[in-house]
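A structural walkthrough
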Amino acid sequence: MGKKALIYVVLIALALFYIFPIYTLLNTSLKTDEDLKYGPVAPTHQVFFGAYTKAFNLIKKQLLNSAVITVFATIISSILGSMSGYIFSKFRFKGDRVVFLVLVLGFYIAPQSILIPLVIFMGKIGLFNTYLGLILTHVAYGMPITTLLFRNYYEGLPQEIVDSSWVDGCGTFQTYTKIILPLSLPGFAVVAIFQFTNIWNEFLFGLTLTRGVTSQPVTVAVANLKGTTVAAWNMICAGAAITTVPVVLIYIFLLKMIIKGLLMGSVKG
Amino acid sequence: MAEVVLKELTKVFDGNVVAVDKFNLEVKDKEFLVLVGPSGCGKSTTLRCVAGLEEITEGEIFIGGKLVNDIPPKDRDIAMVFQNYALYPHMNVYKNLSFGLELRKMKKDEINKRVHEAAQILDIEHLLDRKPKALSGGQRQRVAVGRAIVRKPKVFLFDEPLSNLDAKLRVQMRTELAKLHQNLQATIIYVTHDQVEAMTMGTKIVVMKDGLIQQVSDPLTLYDFPVNKFVAGFIGSPPMNFIDTEIVKEKDCYAIKTDSFTIVLTPDKNKLVSSYAGKRVTFGFRPEDLIDESGVKDKEGRLIRARVEVIEPLGSEIYLHLSSGKDFFMARVPHHYKTEIGKEVGLVVDLEKTHVFDVETEKAIF
């Protein structure tokens, strides 16, 4: 009994530790300007939504920017990752391992190291400060991880299903669209959650590849809520809280799609 | 329907693993050819080469007289049934069956007709709306076979299709596939590691080992006249007994001599074994070719006295594990045979059915 109690104490302590930042964020965001002086930990004396309205009005354009960029970049990088994952998983060709390795290594290139050439390049091809520029950057940066995730997912798909479709009359692309794609839903859910979260939360590319509000993502806008002289912490926290909502929603929505056993019955069960 | 010809077919995998080595074979029209051998002998690779799923390293493959080396699987007019069924999990049974026909842009009426025909033959008409996950193993196997039938291909390829089924179902499907072959009058190439499947279904059997053909012949020839020790030991259950021993000359004949018994070979074998006199050979005889000495008159020169080590009653018959001197072997006796462990028994060898193999080359001397 004592052992169980101890475990619970430890677990509750860890949970509190984990929840604490979220508590301070929500707590601060609901404070009035007056209440701010008691610090982020002390509970708010009065629930006040004014900071939310203010923050939302300041970042609504950037929220839209982020939505457009994230949705398109997530979809494109997932589809491309799925295609290349399919090729790397189900085809053997000369140098396939080297090509795959080089592709995955791209994951380890620090974004900071390519910032200057990237900004210059985007400027030269006229994509600086555009949705397309950011979408392309995120797609390119996402390819290694989406390819890796999809390749691993397709490794679990029996080769015989692919073989069978070839014997049945499919070509390479038909096998992808008619067999692989319909079986990829759980894979897409995982990759989409991963990509959506990463791209939505991304800051560095958003900061450097945009100017003004035209295509600026919301992460940069939230950072800019902190004025030059005074920091309205309730508004900054409200902005951050608003920004978190889409990621949480996507997570809940896509999680339902990760259905186990989608493949059951195809091979010996 | 069509014949399949393999000429000098060679498949080398990365890292120089030779899976199939200069394979020559002719499968006649309407033949049920079985490729049999232990795991890793290259039988599945050979089949996948015929299907076009493996690129071949050297050689030529002809289907229906046409060279197909560079033709993709979909244009080879073959159908294949896989070991793990490989049904499309997101399609129902009807769609699984019709998929190949739709890809070939066949008319809807014709597709419908063929699917129902095949479903009727395989008794899966009531399952057409189900998804594969709602089917039992045996039903899935039928669907996999059905998917091949609807296509009416020139050649059917089966890659160990029964090995995932339980023993009872396997026996049942074996008969059904044999029946199917008679009905369809199709050319079938069938891969299995199970020699019982090979013997019962094949009209011609190819025994393989290490990517090489050991023997090609009809089931009975394979059983009665194996060309080497490997084939002799692989075909037949329980397997043939082998005893490493010596050949000696005795009067007008030659004899197999061990520490504990002597088997005198018939004079017609003289010519074959004369060069082996005084040398080591492997003596082979099947468990079913040993009979109890009682009631046998001329047991001179073919009697083995042995101690019973283990008794395995199977109901219909009994397997006896025996020892004689340093040698161990098995006998298959009728179910009413009475004996007990530790007892000495006398068994007579059927001289017509004995074999002698060269120790080094393992080739059959007779």
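Residues numbered from 1 in each chain as written. Chains lettered and ligands numbered in written order. Predicted model: local features only at pLDDT ≥ 70, side-chain atom pairs only at ≥ 80, totals over all residues.

Residues and elements named next belong to chain B. Taken in spatial order, the five strands line up as 15-19-16-17-18 in an open sheet, and their pairing is antiparallel. The sheet is open, and its two borders are formed by strand 15 (290–292) and strand 18 (327–334), each paired with just one other strand. Going across the sheet, the axis of each strand differs from the next one's by a mean of 50 degrees, ignoring polarity. The pairing of strand 16 (residues 303–313) with strand 17 (residues 317–324) spans six bridges and is classified as antiparallel. The residue bridging Pro 313 from the neighbouring strand is Ile 318, located in strand 17. (Pairing = 2+ DSSP bridges. Helix = DSSP H or I, 4+ residues; strand = E, 2+ residues; numbered from the N terminus. Axes fitted to C-alpha atoms, helices over the stretch in contact; angles between N-to-C directions.)

All names here are of chain B. For strand 7 (residues 155–159), the buried fraction is high: five of the five residues fall into the buried class. Burial of the side chains of strand 7 extends over both faces: Val 155, Leu 157 and Asp 159 are buried on one face and Phe 156 and Phe 158 on the other. Alignment of strand 7 against strand 8 (residues 187–192), held across five bridges, turns out to be parallel. Of the residues in strand 8, the one forming a bridge with Phe 158 is Tyr 190. With helix 5 (residues 167–184) bridging strand 7 and the parallel strand 8, this β-α-β connection has right-handed handedness. (Buried ≥ 20, exposed ≤ 12 C-beta atoms within 10 Å, placed from the backbone. Right-handed = clockwise from strand over helix to strand, strands pointing away.)

Bringing unusual backbone geometry into the picture now. All names here are of chain B. Note that the residue after Ser 237, namely Pro 238, is joined by a cis bond; omega there is -5 degrees. Within the fold, Pro 238 resides in the loop between helix 8 (229–234) and strand 11 (241–250). Positive phi, close to 45 degrees, is recorded for Lys 22, a residue that is not glycine. The topology assignment puts Lys 22 in strand 2 (residues 17–27).

Residues and elements named next belong to chain B. Viewed as axis vectors pointing N to C, helix 2 (residues 93–103) and helix 4 (residues 137–149) meet at an angle of 30 degrees, and their least axial separation amounts to 8 Å. Classed by the angle they form, the pair helix 2 and helix 4 counts as roughly parallel. Considering only the axes of helix 2 and helix 4, their crossing is right-handed. Counted together, Val 93, Asn 96, Leu 97 and Gly 100 of helix 2 and Val 143, Gly 146 and Arg 147 of helix 4 form the full contact between these two elements. Its residues placed into classes, the contact of helix 2 with helix 4 shows three nonpolar, three polar and one charged. (Parallel < 35°, antiparallel > 145°, perpendicular 65-115°, else oblique. Left-handed = near helix turned anticlockwise from the far one by under 90°. Contact = placed C-beta atoms within 7 Å. Nonpolar A, V, L, I, M, F, W, Y, C, P; charged D, E, K, R; others polar.)

Moving on to the interface of chain A and chain B. Chain A puts 20 residues into the contact, and the matching count from chain B is 26 residues. Among the elements that take part in the side of chain A that touches chain B, helix 6 (residues 159–168) of chain A stands out by supplying seven residues, more than any other. Considered class by class, the residues forming the side of chain A that touches chain B number eleven nonpolar, five polar and four charged.

Looking now at the nonpolar core. Within the largest apolar cluster, 130 residues are counted, with the highest numbers of intra-cluster contacts made by Val34(B), Met80(B), Leu157(B), Ile189(B), Tyr190(B) and Val207(B). It is helix 8 (residues 185–201) of chain A that contributes the most residues to this core, eight residues altogether. Here Tyr190(B) is in contact with Phe32(B), Leu33(B), Val34(B), Phe158(B), Met201(B) and Gly202(B), once residues within four sequence places are set aside. Within the second largest apolar cluster, 14 residues are counted, among which are Ala55(A), Ile59(A), Val218(A) and Leu225(A). (Core = buried A, V, L, I, M, F, W, Y, C linked by C-beta atoms within 7 Å.)

With that settled, consider the domain arrangement of chain A. One widely used convention gives an interface's size as the accessible area the parts lose upon coming together. Residue and element names in this part refer to chain A. One can read the domain layout of chain A as domain 1 (1–48) and domain 2 (61–255). Distance from the C-alpha centre of domain 1 to the C-alpha centre of domain 2: 33 Å. In this complex, domain 1 contributes seven residues to the contact, which on the side of domain 2 involves six residues. Each residue belonging to the side of domain 1 that touches domain 2 can be placed in one class, and the counts come to three nonpolar, two polar and two charged. (Domains from an automatic or database assignment.)

Right, let's talk about the environment of Leu103(B) for a bit. Considering the arrangement of structural elements, one finds Leu103(B) in helix 2. Overall, the presence of 16 C-beta atoms within 10 Å leaves Leu103(B) in the partly exposed class. The sequence separation of Leu103(B) and Phe329(B) amounts to 226 residues, and the corresponding C-alpha distance is 57 Å. Non-local contacts of Leu103(B), meaning those with residues more than four positions away in its chain, are made with Asp168(A), Gly169(A) and Cys170(A).

Here we come to the domain arrangement of chain B. All names here are of chain B. Domains assigned within chain B are domain 1 (4–234) and domain 2 (241–358). Each of domain 1 and domain 2 has a C-alpha centre, and the two are 39 Å apart. With four residues of domain 1 at the interface, the matching set in domain 2 holds five residues. Across the side of domain 1 that touches domain 2, the residue classes tally to one nonpolar, two polar and one charged.

For the rest of this paragraph, the subject is the environment of Ile311(B). Within the secondary structure, Ile311(B) sits in strand 16. Residues in contact with Ile311(B), not counting those within four places in the same chain, are Ile318(B), Leu320(B), Thr339(B) and Ile341(B).

Residues and elements named next belong to chain A. For the pair helix 2 (residues 50–90) and helix 11 (residues 233–255), the least separation of the axes is 8 Å and the interaxial angle reads 65 degrees. Taken together, helix 2 and helix 11 sit at an angle that is classed as roughly perpendicular. Of the two elements, helix 2 crosses helix 11, and the hand of that crossing is right-handed. Residues Ala 51, Tyr 52, Lys 54, Ala 55, Phe 56 and Ile 59 of helix 2 form the contact with helix 11, whose own contacting residues are Asn 234, Met 235, Ala 238, Gly 239 and Ile 242. The class makeup of the residues in the contact of helix 2 with helix 11 is eight nonpolar, two polar and one charged.

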